[in-house]
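Chain and residue survey
The chain contents come next:
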Amino acid sequence: QVQLVESGGGLVQAGGSLRLSCAASGGTFSSYAMGWFRQAPGKQRELVAVITSGGSTNYADSVKGRFTISRDNAKNTVYLIMNSLKPEDTAVYYCAASRARLFSRAFDYDYWGQGTQVTVSS
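Okay, so let's go over this structure.

Definitions and cut-offs
- Along each chain, residues carry numbers from 1 onward, in the same order as the chain's sequence is written.
- Owing to the predicted nature of the model, reporting of local features is limited to residues with pLDDT of at least 70; listing and counting of side-chain atom pairs is limited to 80 or more, with chain, interface and lining totals taken over all residues.
- Hydrogens and waters are ignored; side-chain quantities use all the structure's heavy atoms.
- Numbering goes from the N terminus for both helices and strands, where a helix is a DSSP run of H or I of at least four residues and a strand is a run of E of at least two.
- Radius of gyration here uses only the C-alpha atoms, and the compact-globule reference equals 2.2 Å multiplied by the residue count raised to the power 0.38.
- Relative accessibility thresholds used throughout: buried, under 20% of the residue-type maximum; exposed, over 50%; partly exposed, between the two (1.4 Å probe, protein chains only).
- Residue contacts are defined here by distance: any two heavy atoms, one from each residue, within 4.5 Å place the two residues in contact.
- Areas reported here follow the Shrake-Rupley algorithm with a probe of radius 1.4 Å; residue values treat only the protein chains shown as occluding.
- Think of a salt bridge as a Lys or Arg side-chain nitrogen and an Asp or Glu carboxyl oxygen that are within 4 Å of each other.
- Pairing between strands is defined by DSSP: at least two bridges between them are needed.
- Note on geometry: axes are C-alpha line fits, over the in-contact stretch for helices, and angles between N-to-C directions span 0 to 180 degrees.
- Grouping buried Ala, Val, Leu, Ile, Met, Phe, Trp, Tyr and Cys residues that are joined through side-chain atoms within 4.5 Å yields what is termed a nonpolar core.

**Focus on the overall build of the protein**
The secondary structure content of the protein amounts to zero helices and eleven strands. When its helices and strands are written in sequence order, the protein yields β-β-β-β-β-β-β-β-β-β-β. Relative to the globule expectation of 14 Å for 122 residues, the C-alpha radius of gyration of the protein, 13 Å, shows essentially globular dimensions. Along the three orthogonal principal directions, the C-alpha set of the protein runs to about 40 × 25 × 25 Å. Counting the 122 residues in the protein, one finds 42% classified as buried. When contacts within the protein are restricted to residue pairs at least 6 apart in sequence, those whose partners lie at least 24 apart make up 57%. Working note: accessible area of the protein is about 6,300 Å², and carbon and sulfur atoms make up 46% of it.

So this is what it looks like as structure tokens:
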């Protein structure tokens, strides 16, 4: 089956940066839309950023201009570069893959990573 393995989470000070990585195996990575989601305790999971198989991107308004999603199909890896981090960015971040050309909501995604904690202190 498709497996997504994440890395890069941690604790940073407000204004700092992190790069999250998600390595995929067991599928055809280049055909998937890839998304990053986040979920804080007691809150709904929300879409942060998405990149299509063709490389088009979209972002949540809350992170636009601060976060960048990218993919390297040769490495079967998707990245999320997070700059100017704020305490409200604190959440568990999940990598997800969609086999279809539907990727606007969490239920559009077929495969999920384990999640990695990002904590931003003030």
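**Focus: the pattern of salt bridges**
Tallying each qualifying case throughout the model produces five salt bridges. For D89, the salt bridge goes to R38, with nearest N and O atoms at 2.9 Å. In this pair, D89 is assigned in the loop between β8 (77–82) and β9 (91–98) and R38 in strand β4 (residues 33–39), connecting sequence segments 51 residues apart.

**Some thoughts on unusual backbone geometry**
The backbone phi angle of N76 is positive, close to 50°, even though this residue is not glycine. Mapped onto the fold, N76 is located in the loop between β7 (67–72) and β8. For N76, a relative accessible area of 27% puts it in the partly exposed group. The phi dihedral of S84 falls on the positive side, at around 50°, and the residue is not glycine. By the element assignment, S84 lies in the loop between β8 and β9. The class for S84 is partly exposed, based on a relative accessible area of 40%.

**A few points about the sheet that holds strand β3 (residues 18–25)**
Reading across the sheet, the four strands line up as β1-β3-β8-β7 and stay open at both edges, with antiparallel pairing between neighbours. Pairing within the sheet leaves two strands with one partner each, and these edge strands are β1 (3–7) and β7. Pairwise comparison of adjacent strand axes, ignoring direction, gives a mean angle of 15° for this sheet.

**Observations concerning the nonpolar core**
Looking at soluble globular proteins, one finds that nonpolar side chains tend to be buried together. Within the largest apolar cluster, 29 residues are counted, with the highest numbers of intra-cluster contacts made by M34, W36, V78, L80, M82 and Y93. When contributions to this core are tallied by element, the ones reaching two or more residues are β3, β4, β5 (46–51), β7, β8, β9 and β11 (116–121).

**As for the pairing of β5**
As paired elements, β4 and β5 share five bridges and run antiparallel to each other. The residue bridging R38 from the neighbouring strand is E46, located in β5. Two strands pair when backbone bridges link them, and β5 and strand β6 (residues 57–59) are joined in this way by three bridges, in the antiparallel orientation. Directly across from V50, in β6, lies its bridge partner N58. Adjacent in sequence and paired antiparallel, β5 and β6 are bridged by five residues, among which G55 carries a positive phi angle near 95°.

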